[in-house]
Amino acid sequence: MPSSTAVADFKNAAYTIGTTLWNAASGVQVTFGHPGPTQLNDIVAFMDVTASQEPSTFGTSRSREEELVLTVMFSVYRAGGPTMEKVAFDRAIELQSDLEEYFRVTDTTVGGSVRECFLTNIRIASATDEQTLAAGRLVEIEATYSAKARVRTA
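The rules behind the values
- Residues numbered from 1 in each chain as written.
- Predicted model: local features only at pLDDT ≥ 70, side-chain atom pairs only at ≥ 80, totals over all residues.
- Heavy atoms only, no water.
- Helix = DSSP H or I, 4+ residues; strand = E, 2+ residues; numbered from the N terminus.
- Polar contact = N/O pair within 3.5 Å; in protein donor to acceptor, adjacent residues only side chain to side chain.
- Pairing = 2+ DSSP bridges.
- Buried < 20%, exposed > 50% of the residue type's maximum accessible area, 1.4 Å probe, protein only.

Within the fold, Glu 65 resides in strand β3 (residues 64-79). In this structure the side chain of Glu 65 is engaged in a polar contact, spanning 3.0 Å, whose partner is the side chain of Arg 150.

Now for the pairing of β3. Pairing geometry for strand β2 (residues 42-55) and β3, over 12 bridges, is antiparallel. Bridged to Ala 45 within β3 is Met 73. Bridge count for β3 against strand β5 (residues 136-151) is 16 bridges, and the pairing is antiparallel. Residue pairing across strands places Tyr 77 opposite Leu 138, the latter belonging to β5.

This next bit is on the environment of Glu 94. Within the element layout of this structure, Glu 94 appears in helix α2 (residues 84-106). The class of Glu 94 is partly exposed, set by a relative accessible area of 42%.

Here you go:
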């Protein structure tokens, strides 16, 4: 099907892969966007996606080379004191590693939506607000996955 961008196919395919990696029985809440007010302790949220295009060929299809960037948030909460920080950190890393390995080893095309997709950036942050720390520990990973696709109009 002709398209002006691979953004929707890419995010939809990544989300579908997430729901397969972490099914309902896994205890991981997988969301297409922000998880909202009801949240499990382990969350994988497929958030923002951006794209930029460059002309690729001058044929009748006017194809473009598209670079896509998907942000996936991994959020892990564990009730308890300071010893739970490492527990939450290790679990967040495990979740992120599951998706990264899937994209890198099992399906670099993310369900055929792109030509290739790899982890390009990762940021790990721990909660510092007193209200959260009084109840437990929260570790969040913001992972950026970059992909390339060829977009054709015909």
